[in-house]
Amino acid sequence: MTHKSLFFNKAIDYLITNKDGLYIDCTLGLGGHSKQILNRLSINGLLIALDNDLNTKTFVKNLEFYLDKRFSLININFKYLEIIAKKKHLFGIVSGILLDLGISTYQIKDYKRGFSFFINGPLDMRINNTFGITACCLLNHYKFKQIFKIFKTYGEDEQLYRLTVEICNRRHHFPFKMTLELSNLIKNLKFTNYHIKHLLIKTKPKIQKTYIINHKSIKIKQKFIKHSKSINTKHIRIKENTTKQTLIKTNNNSINKKKKKHIHPSTKIFQAIRSYINNEIQNLEIVIITSLKLLKTNKKLIIITFNSLESQIVNKVLKTTLNKVNKIYPSIEEVFYNNSSRCSAIFIIQKLKTFYLS
Ligand SMILES: C[S@@+](CC[C@H](N)C(=O)[O-])C[C@H]1O[C@@H](n2cnc3c(N)ncnc32)[C@H](O)[C@@H]1O
């Protein structure tokens, strides 16, 4: 199984600037990026890979590069990167660091992990499932106020109050055990909204837009069409002097508006629970700061974010530093073929000589 992540080649292209360098892949997963990094390095290059999921080791042991002398795996949370750096004397000598956030398809598809709202499995959701509280424990034992706060902070969802009430009412009679119990509850609660939106999408005449873009203005020609499910790239005409960035932004806006309505009602709530029990936001803040200490000047930290919450945190942390940051969104084709990429982004952060604000 492979995890063909978004921005797969882009991430590696930006990351590798020295074939003999030392690199860190903080999120090994199924090893897709690591394999590609090793392919691009010379025999003098080195790669240290981290992953918090202890099952990764079993999986990666079967991969061809596991025995590569340039590769080493440390099964640890990336928030401890500074401890590793102290042990191995890595400060200021690393040529590139990669963070591909979230979880892999392998973890999502494994019903025992409880990450999926489509497959029934125990409500666990811990990335390192050897310790810590499970999703089940949170739903059955946390106080109303705590659950509400978690949903509000990490979930960016509507109807949170009603959902929290329903969860607290239900658990007295039927304590939560399985993922589908939660996702069905959410679906029933949001049934009206979700389905009304879908009905509207199916019956309303669509507006076909043609974007004529140049770097100063975007003219939109529109006409009513019967029904179109797809976004057709033919509808985007580019004038000669269009900057790439303008095009990407415009494409994204149009896609986001169109695709937003198709988000599964459980997405944000599952995201909130997973984010909270794995401490994802705090870990991310820590690893960004540590990475900047480890990198050589002018070298890059590449972060692939999967949702807007992660992107917000990256932006927030980088505000306190003085580094060169580029942010790229998925192309229109990537979103079209992979709807879940709509909220993702890639951050290319180049460490400058003085990287902290005084
Ligand atoms: C999206 S997958 C990475 C996929 C990988 N780039 C590939 O090409 O196969 C994210 C991985 O990061 C790991 N992970 C998530 N949070 C972590 C953390 N705090 N520390 C270390 N690994 C973490 C997950 O277990 C998962 O395997």
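How each quantity is defined
- Residues numbered from 1 in each chain as written.
- Predicted model: local features only at pLDDT ≥ 70, side-chain atom pairs only at ≥ 80, totals over all residues.
- Heavy atoms only, no water.
- Patch = residues over 30% accessible without salt bridge, like charges linked within 9 Å, V, L, I, M, F, W, Y side chains within 5 Å.
- Areas by Shrake-Rupley, 256 points an atom, 1.4 Å probe, with all protein chains shown as cover.
- Salt bridge = Lys/Arg side-chain N within 4 Å of Asp/Glu carboxyl O.
- Helix = DSSP H or I, 4+ residues; strand = E, 2+ residues; numbered from the N terminus.
- Buried < 20%, exposed > 50% of the residue type's maximum accessible area, 1.4 Å probe, protein only.
- Arc of directions from axis to C-beta.
- Contact = heavy atoms within 4.5 Å.
- Polar contact = N/O pair within 3.5 Å; in protein donor to acceptor, adjacent residues only side chain to side chain.
- Near = heavy atom within 4 Å.
- Pairing = 2+ DSSP bridges.
- Axes fitted to C-alpha atoms, helices over the stretch in contact; angles between N-to-C directions.

**Some words on a nonpolar patch on the surface**
Logical step 1: The grouping of Tyr-111, Phe-118 and Ile-119 at the surface amounts to a nonpolar patch, some 330 Å² of accessible area in total.
Logical step 2: Take Tyr-111: it is sitting in the loop between α5 (105–109) and α6 (135–141).
Logical step 3: Taking relative accessible area as the criterion, Tyr-111 reaches 46% and is therefore assigned partly exposed.

**Some thoughts on helix α2 (residues 32–40)**
The α-helix winds at 3.6 residues per turn, so residues separated by three or four positions along the chain end up facing the same way.
Logical step 1: Within the span of α2, buried status applies to His-33, Ser-34, Ile-37 and Leu-38. Each buried residue of α2 lies within a common arc of 135° when the element is viewed along its axis, so the set occupies one face.
Logical step 2: Looking at the buried side of α2, the elements it contacts are α1 (8–15), β1 (22–25), β2 (46–50), β3 (71–74), β4 (94–100) and β8 (295–305).

**Let's talk about the side chain of Thr-305**
Logical step 1: Topologically, Thr-305 is positioned in strand β8.
Logical step 2: Within the structure, Thr-305 has its side chain in polar contact with the side chain of Ser-311 (distance 3.0 Å).
Logical step 3: Excluding residues within four positions of it along the chain, Thr-305 makes contact with Leu-101, Glu-310, Ser-311, Val-314, Ser-344, Ala-345 and Phe-347.

**A look at the site of the ligand**
Logical step 1: As a matter of local geometry, the ligand sits amid 23 residues, with His-33, Asp-51, Phe-78, Asp-100 and Gln-107 nearest to it.
Logical step 2: Between a nitrogen atom of the ligand and a main-chain N or O atom of Asn-52, the distance comes to 3.0 Å.
Logical step 3: Take Phe-78: an N or O atom from its main chain is 2.8 Å from a nitrogen atom of the ligand.
Logical step 4: When isolated, the ligand has an accessible area of 610 Å², and the protein chains bury 96% of it.

**Here we look at the pattern of salt bridges**
Logical step 1: In total, this model carries nine salt bridges according to the counting rule given.
Logical step 2: With a closest N to O distance of 3.7 Å, Lys-112 and Asp-110 form a salt bridge.
Logical step 3: Taking the relative accessible area as the measure of exposure, Asp-110 reaches 21% and is therefore partly exposed.
Logical step 4: Between Arg-274 and Glu-280 there is a salt bridge, with its nearest N and O atoms 2.8 Å apart.
Logical step 5: The exposure class of Arg-274 is buried, given its relative accessible area of 14%.
Logical step 6: Residue classification places Glu-280 among the buried residues on the basis of a relative accessible area of 14%.

**Here's the deal with unusual backbone geometry**
Logical step 1: Despite not being glycine, Met-125 shows a phi value in the positive range, around 70°.
Logical step 2: Following the sequence through the fold, Met-125 ends up in the loop between α5 and α6.

**Overview of the sheet that holds β8**
Logical step 1: With mixed pairing, the seven strands of this open sheet are ordered in space as β3-β2-β1-β4-β8-β10-β9. The sheet is open, and its two borders are formed by β3 and β9 (324–328), each paired with just one other strand. Averaged over all adjacent pairs, the angle separating strand axes in this sheet is 15°, with direction ignored.
Logical step 2: Where β2 and β3 come together, four bridges link them in parallel fashion. Each bridged residue has a counterpart across the sheet, and for Ala-49 the counterpart in β3 is Leu-73.
Logical step 3: Across the face of the sheet, helix α4 (residues 81–88) comes into contact with β1, β2 and β3 while running at roughly 145° to β2.

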